[in-house]
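# Notes for the structure review
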Amino acid sequence: MPAGGAPGEPQQLSLLQGFPASAAEASGPALAAHLPVARVLIESSLPHLDRPFDYSVPAALDADAIPGVRVKVKFNGQELAGYLLERTAGSDAGHPLVPLHKVLSAVPVLTPAVAELAGRIASRYAGTVSDVLRVAVPPRMAKLEKEFAPDGRLDPALFGTETFGLATDVSLPSPAAGSIWTRYRNGAAFLAHLAAGESPRAVLTALQGYGPAGWPRMIAEAVAAVRISGRGAVVVVPDYRDLDRVESALLELLPAGDVARLTADDGQTPRYRSFLRVLSGAAGVAVGTRSAAYAPVPNLGLVICWDDGDDLHIEQRSPYAHAREVLLLRAGQEGAACLLAAHSRSTETERLVASGWAQAVEADRAVARRTVPRVLNTADSYELEHDPLARIARLPGAAWRAAKEGLERGPVLVQVARAGYAPSLVCDTCREPARCTACSGPLAIAGPGGSSAVPQCRWCSAPAPAWRCSTCNGARLRRGATGALRTAEELGRAFPGKPVITSSGDQIKATVAETAALVVATVGAEPVAFGGYAAALLLDGDSLLRRENLRAGEDAVRRWFNAAALVRPASEGGLVVITADDAAGVGALLRWDPAGYASRELALRQELQLPPAVRVASVTGGRTAVGHFTDAIQQRLAAQGTVLRTAGPAPLILPAAAGAGRTPPQDAVARDAATRDAVPRNAVPRDSGQEVRTLLFIPYAQAAVATAVMRAVKAAAAAKRSDDPVQLRLDGVDVL
């Protein structure tokens, strides 16, 4: 008897097992009368599940099951979390739908704009939307939702803070009142366009990094200008020290309730509270580290990224998106203004300026000369003639004199490349790097102040009391490099009676007093003196430049400019002494011309067809798996008439500290690439399945097609559940 027979009549049981019952046979809870189908994105990092799935909406969940809420669904016998993307009237699934299991929270935490942005980021980086949302939406704090959304709807009034009202709430200085932006070419026009509700795009090269004319104040004035137009803003900075400074500058111009601080460093509860403030509209400005780029600011009018060359802007989890790229995509999607600001200029931002996408906001030469310190290079011919030993001395005579004279006027900054005491050791006889016999890692003197008498490995921490050189069989060691602690010790003896402050490793200081003191800091850890440093010594420049990385020179120049911007102007006696030999990078600092250096670097990359002139994808894994993966990509692209330039597969040489898994996403061996030692000449590739890497270079005109193909191949490979998976990364800064 067919399934549609009369009630009470016997029915023929199906002899086919495993097929879903027909719609007439399906049973379950009563469904919602209006839009009974929910499209749900499951929280799964598996690429082949990176798509919405249709579920029916029970009538009991109809009121709470709105787009953007967190839900629980049954999937393949498991109970998984996900986001409800939309409600529809029907489904093309072709089988009865499983009902939603639960609505975890009635608060719609995923806005349509952020959902669309997550899809764009996943497409650009060949990742999954779920991985992007894991960064974009903070973990749920049920207690806060009960406090601020007792009925499931966020109420801005419950946050108990002053919210932004009319333009009179903002104390933005007008150009006539001497705004800092008027000192920069195109600066006043940029603010005027923001205040008028327009969406200009600019690349700012800031001169000062301290005091009331520093870059935090400039960012605050730009945000205040866009708030005058009634729109919101998102500001992204590299770390908590920059975040504190920008937040303080914003609070000088905006009401306290209008600024929300978003960073994982504050803990889950404060972060989620700020997230809800932004989501409810109680705060119109979101400022934070890289995850703040996804803040659901309503009516977004401006996105700002400070120091985009800092690799802290790169997410450390798949798909390894850069905050700069997230903000650029978001600005285009929502029609917002964009400001990329730094003391130097990355090749990526130079490419935007050269293409006409953004306008440069920079000071004229006369203004720069009045604002920046004088720069002296100890490696030039004049200094070498007066001090022949300057080339080999770590602290040449000119640097010592600059420190001595600077201490009479205030603090002196000493920038070094390495943390610790003696971060690397060499053989006293042949000068070969001393390596661990267990993992080939570099040996170092451990303990505070180098108190340990026994060298130990920096990678596996194994002691080496009876070390012997593998080249000459020598048994004596000497320091191959001097760290921040050793430098501070030597300077303390050279300048008795003067306090020495260190900022490196886990002991990074945000600010220092304006009293006379020597401040020894590793690159990127320089504290800020409110009145500026009297002088700065940039040591170990050649060590930064010797890194085997495409961006070594660009990164070294960025670090030099960041440190030099903390020094007082030349008219106040400010002096920067650099000890590097590089002609191009040091010349850019001497002329204070970061834009010229970035233009030169970009021209070289375009000639060689290297990033950022092209995009690059890296495929890492076992040799066989990488070969199959890249072949599949090339075959699919060839069918569409696209051929990519490739390099590899090449064996990887990784330390034992990286473990036996996939290649670490962002140099898990050491946070600061300047502290890495060269790989020994007798090292062999780690052979856990013969790890190799292949690079594919992608022209921008073919990027959309290529990334779509890579994403499809990645999903197909994941569905096969191979025992030897590969890692696919796009635009990794550490692969060249």
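In short, a report on the structure. It should be emphasised that the depicted structure is a prediction, and the values quoted were computed from it without experimental measurement.

Within strand β2 (residues 52–56), four of the five residues are buried, which leaves the element mostly enclosed by the surrounding structure. Strand direction decides the pairing type here: strand β1 (residues 37–42) and β2, joined by five bridges, are antiparallel. Paired with Ala38 across the strands is Tyr55, a residue of β2.

The subject of this paragraph is the nonpolar core. Within the largest apolar cluster, 74 residues are counted, with the highest numbers of intra-cluster contacts made by Val234, Leu276, Tyr294 and Met710. In this structure, Tyr294 is in contact with Val114, Leu117, Ile121, Val132, Val135, Ala136, Ala321, Val326 and Arg330, ignoring residues within four places of it in sequence. Membership of the second largest hydrophobic core comes to 73 residues, among which are Ile180, Trp215, Val367 and Ala564.

In space, the five strands of this open sheet follow the order β2-β1-β4-β3-β5, with antiparallel pairing throughout. Every interior strand has two partners, whereas the edge strands, β2 and β5 (102–105), have only one. On average, adjacent strands in this sheet sit at an angle of 45° to one another, irrespective of strand direction. Sheet topology note: the strand β3 (residues 70–75)/β5 ladder contains three bridges and is antiparallel. Each bridged residue has a counterpart across the sheet, and for Lys72 the counterpart in β5 is Lys102.

Across its 17 residues, helix α18 (residues 623–639) extends 24 Å between first and last C-alpha, which sits within 8% of the 24 Å expected from 1.5 Å per residue. Buried within α18 are the following residues: Ala625, Val626, Phe629, Thr630, Ile633 and Leu637. Mapping the buried residues of α18 onto a view down its axis gives an arc of 120°, with all of them on the same face. Every exposed residue of α18 that faces more than 90 degrees away from the buried side is listed here: Thr624, His628, Gln635 and Ala639. In this structure, the buried side of α18 is in contact with β25 (615–622), β27 (691–698), α19 (703–719) and β28 (727–730). Positioned one or two residues after α18, Gly641 has a phi angle of 80°, which is positive.

Before going further, it helps to spend a moment on the environment of Pro156. Looking at where Pro156 falls in the secondary structure, it is placed in the loop between α3 (142–148) and α4 (187–195). Spatially, the C-alpha atoms of Pro156 and Ser280 are 5.6 Å apart, while their sequence positions differ by 124 residues. Ignoring sequence-local partners within four residues, the contact set of Pro156 consists of Ser280 and Ala282.

Cut-offs used in this document
- Residues numbered from 1 in each chain as written.
- Predicted model: local features only at pLDDT ≥ 70, side-chain atom pairs only at ≥ 80, totals over all residues.
- Heavy atoms only, no water.
- Buried < 20%, exposed > 50% of the residue type's maximum accessible area, 1.4 Å probe, protein only.
- Helix = DSSP H or I, 4+ residues; strand = E, 2+ residues; numbered from the N terminus.
- Pairing = 2+ DSSP bridges.
- Core = buried A, V, L, I, M, F, W, Y, C linked by side-chain atoms within 4.5 Å.
- Contact = heavy atoms within 4.5 Å.
- Axes fitted to C-alpha atoms, helices over the stretch in contact; angles between N-to-C directions.
- Expected span 1.5 Å × (residues − 1).
- Arc of directions from axis to C-beta.

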